[in-house]
Amino acid sequence: QVQLVESGGGLVQAGGSLRLSCAASGSIFSINAMGWYRQAPGKQRELVATITSRGTINYADSVKGRFTISRDNAKNTVYLQMNSLKPEDTAVYYCNSVASYVNTYWGQGTQVTVSS
């Protein structure tokens, strides 16, 4: 089992920045990848960014050049630095982890609201 706790969401004006954090606990040795997904009202949950245990990073096209995913292995924490935020980035952001290549875990979600 892996537990994920997100923090760092909030309200920001367009063009502003936020940093999300996701702290993992439990069977962290089994984690293969972690990432961030988001879900806007009335829309499906979508991938934002992922980082594997080997450091391979993947971004959604909509956030490339604006968002940066990183990790601190000593703190078992993954971060999402979000710059140049747009109103369309408004969503609930969920931390995700894949463990033992087959088990998926989700955090509780954190709201990000970007005002125009």
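Computed from a predicted structure; not experimentally measured. (Residues numbered from 1 in each chain as written. Predicted model: local features only at pLDDT ≥ 70, side-chain atom pairs only at ≥ 80, totals over all residues. Heavy atoms only, no water.)

1. Details of the side chain of arginine 38
Here's step 1: In this structure, arginine 38 sits in strand S4 (residues 31-39).
Here's step 2: Side-chain polar atoms of arginine 38 contact the side chain of serine 62, separated by 3.4 Å.
Here's step 3: Within the structure, the side chain of arginine 38 is placed 2.9 Å from the side chain of aspartate 89, a separation counted as a polar contact.
Here's step 4: If near-sequence neighbours (up to four positions away) are discounted, arginine 38 is found in contact with Gln44, Arg45, Glu46, Val48, Ser62, Val63, Phe67, Glu88, Asp89, Ala91, Val92 and Tyr93. (Helix = DSSP H or I, 4+ residues; strand = E, 2+ residues; numbered from the N terminus. Polar contact = N/O pair within 3.5 Å; in protein donor to acceptor, adjacent residues only side chain to side chain. Contact = heavy atoms within 4.5 Å.)

2. Focus: the sheet that holds strand S7 (residues 67-72)
Here's step 1: Spatially, S1-S3-S8-S7 is the arrangement adopted by the four strands of the open sheet, whose pairing is antiparallel. Bordering the open sheet on either side are strand S1 (2-7) and S7, each of which pairs with just one other strand. For this sheet, the mean angle separating the axes of adjacent strands, direction not counted, is 20 degrees.
Here's step 2: When S1 meets strand S3 (residues 18-26), the two strands line up antiparallel, connected through six bridges. Counted as the bridge partner of leucine 4 is alanine 24 from S3. (Pairing = 2+ DSSP bridges. Axes fitted to C-alpha atoms, helices over the stretch in contact; angles between N-to-C directions.)

3. Examining the layout of surface pockets
Here's step 1: In this model, the largest pocket occupies a volume close to 220 Å³.
Here's step 2: Looking at the largest pocket, it is lined by 15 residues, and the ones nearest its centre are Ile28, Ile31, Met34, Arg71 and Asn73.
Here's step 3: Where the lining of the largest pocket is concerned, the elements lending two or more residues are S4, strand S5 (46-52), S7 and strand S8 (77-82).
Here's step 4: Counting residues per element, the lining of the largest pocket draws most heavily on S4, which supplies four residues.
Here's step 5: Residue classes in the lining of the largest pocket are distributed as seven nonpolar, six polar and two charged. (1 Å grid on protein atoms, 1.4 Å probe; cavity = no way out; pocket = protein on both sides within 12 Å on 5 of 7 lines; lining within 4 Å. Points joined across faces, edges and corners; volume = space filled by probe spheres on them. Nonpolar A, V, L, I, M, F, W, Y, C, P; charged D, E, K, R; others polar.)

4. Focus: the side chain of asparagine 96
Here's step 1: Within the secondary structure layout, asparagine 96 lies in strand S9 (residues 91-99).
Here's step 2: For asparagine 96, the contacting residues outside a window of four places in its chain are Leu4, Ala33, Met34, Gly35, Tyr37, Thr104, Tyr105 and Trp106.

5. Let's talk about the nonpolar core
Here's step 1: Counting residues in each nonpolar core, the largest one holds 30 residues, and the members touching the most others are Trp36, Leu80, Met82 and Tyr93.
Here's step 2: Broken down by secondary-structure element, the contributors of at least two residues to this core are S1, S3, S4, S5, S7, S8, S9 and strand S11 (110-115).
Here's step 3: Here methionine 82 is in contact with Gly16, Ser17, Leu18, Leu20, Arg66, Phe67, Tyr93 and Val112, once residues within four sequence places are set aside. (Core = buried A, V, L, I, M, F, W, Y, C linked by side-chain atoms within 4.5 Å. Buried < 20%, exposed > 50% of the residue type's maximum accessible area, 1.4 Å probe, protein only.)

6. What about unusual backbone geometry?
Here's step 1: For serine 84, which is not glycine, the phi dihedral falls at a positive 50 degrees.
Here's step 2: One can find serine 84 in the loop between S8 and S9.
Here's step 3: Within the chain, tyrosine 101 stands out as a residue other than glycine whose phi angle is a positive 70 degrees.
Here's step 4: Take tyrosine 101: it is sitting in the loop between S9 and strand S10 (103-106).

Remember that the coordinates give geometry; whether it matters functionally is a separate question.
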